[in-house]
Amino acid sequence: MITLTNISYNYEDQPALEDISLRLTKGEKLVLLGSNGSGKSTLLKIMAGLYFAKEGSYSFDGKAVSKKSLNKDFRKRVGILFQNPESMIFNPTVFDEIAFSLREFGFDDIKPRVEAIAKKFGIENLLDKNPLYLSGGEKQKVILAAILVYEPELLLLDEPTAAMDPKTTGWLIDLLLDLETTLIVATHDLSLAYEVSERAVVIDEKHHKIYDGCIEQLYEDLDTLIQANLIHKHRHRHKNFSHSHYHKHY
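Residues numbered from 1 in each chain as written. Predicted model: local features only at pLDDT ≥ 70, side-chain atom pairs only at ≥ 80, totals over all residues. Heavy atoms only, no water.

(A) Representation of the sheet that holds strand S6 (residues 78-81) within the structure. The six strands lie next to each other as S6-S7-S8-S3-S9-S10, forming an open sheet whose pairing is mixed. Edge positions in the sheet fall to S6 and strand S10 (209-214), since each has one partner strand and no second. Adjacent strand axes in the sheet meet at a mean angle of 15°, parallel and antiparallel pairs treated alike. Bridge count between strand S3 (residues 29-33) and strand S8 (residues 182-187): five bridges; the pairing is parallel. Across the sheet, residue Lys29 finds its bridge partner in S8, namely Leu183. Along the sheet face, helix H5 (residues 136-148) touches S6 and strand S7 (154-158) and points at about 175° away from the line of S6. (Pairing = 2+ DSSP bridges. Helix = DSSP H or I, 4+ residues; strand = E, 2+ residues; numbered from the N terminus. Axes fitted to C-alpha atoms, helices over the stretch in contact; angles between N-to-C directions. Contact = heavy atoms within 4.5 Å.)

Next comes the structure, spelled out in structure tokens:
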């Protein structure tokens, strides 16, 4: 479904990604791990067609993605959730926020779709409220509902649990595990990563991909975790280090 080949991106003279290559098959779940500033968010925005690589190529479902090739069909097939949900809110009510993309994409059954996903997300009592006045976790739920309601084939999540409490985080993990949608979650949270995917890609602070493989093996690779600034060097003192130090059951 996704092929990234030698992708590089700069913000003026500041590198954000360096020579990133990645392949993802339909239905696969992937965790993109890296510290803040490593380039995770930039890579998601490239895959969402919001940014375009300075070097390299990106193809989605066998077709090259470029400014000229982007259309409403691509936008309907790819959904992205930003780390800050407020940046995605611009409707007066939760109902209108969830319904917005349905209207844009020409769906007819808007009201039943909105009500069904609101019930699934446990936010049916919020439909008449202004989303800007909700809690951080509620805002994340609303925007995620606004994305999933139009059933994208690729879901990109940027630090989705940043504003969530443990209970809501557990709810999100269960939701993601049940999804059949192709999924990429960008995070620096090792606990979340272990819960949602068996495959991890790691980007280090120099914006290079330094790991792509089994998440179980990654959690035994202290040098890679330290290089990516995902754990501190002092964790070498733990003789029995394993993923269980980060694994949480919600």
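(B) Quick peek at the packing of aromatic side chains. With the rule as written, the count across this model stands at eight aromatic pairs. Geometrically, the ring pair formed by Tyr11 and Tyr51 is edge-to-face, given 6.1 Å between the ring centres and 80° between the ring planes. Of this pair, Tyr11 sits in strand S1 (residues 2-11) while Tyr51 sits in the loop between helix H1 (40-47) and strand S4 (55-60), and the two are 40 residues apart along the sequence. By relative accessible area, Tyr51 is classed as partly exposed at 23%. Between the aromatic rings of Phe90 and Phe100, the centroid separation amounts to 4.9 Å while the plane-to-plane angle is 85°, which identifies the pairing as edge-to-face. (Phe/Tyr/Trp six-rings, centres within 6.5 Å; stacked < 30°, edge-to-face > 60°. Buried < 20%, exposed > 50% of the residue type's maximum accessible area, 1.4 Å probe, protein only.)

(C) Examining the packing of H5 against helix H6 (residues 166-178) more closely. The contact between H5 and H6 brings their axes to 13 Å, and the two run at 15°. Comparing their axes, H6 and H5 come out roughly parallel. With respect to the hand of their crossing, H5 and H6 are arranged in left-handed fashion. Mapping the contact onto sequence places Lys141, Leu144 and Leu148 in H5 and Thr168, Trp171, Leu172 and Leu175 in H6. Grouping the amino acids of the contact of H5 with H6 by side-chain chemistry returns five nonpolar, one polar and one charged. (Parallel < 35°, antiparallel > 145°, perpendicular 65-115°, else oblique. Left-handed = near helix turned anticlockwise from the far one by under 90°. Nonpolar A, V, L, I, M, F, W, Y, C, P; charged D, E, K, R; others polar.)

(D) Up close: the pattern of salt bridges. Counted by the stated rule, this structure contains 11 salt bridges. Residue Lys40 pairs with Glu159 through a salt bridge whose shortest N-O separation is 3.8 Å. In this pair, Lys40 is assigned in helix H1 and Glu159 in the loop between S7 and H6, connecting sequence segments 119 residues apart. With a relative accessible area of 5%, Lys40 lands in the buried category. Residue classification places Glu159 among the buried residues on the basis of a relative accessible area of 5%. (Salt bridge = Lys/Arg side-chain N within 4 Å of Asp/Glu carboxyl O.)

(E) Quick peek at the confidence of the model for the chain. Residue-level pLDDT values for the chain average 89, and 93% of them are 70 or greater. Segment residues 235-250 is flagged for pLDDT under 50; beyond a separation of four residues in sequence, or across chains, it makes 32 contacts in the model. (pLDDT = per-residue confidence, 0-100.)

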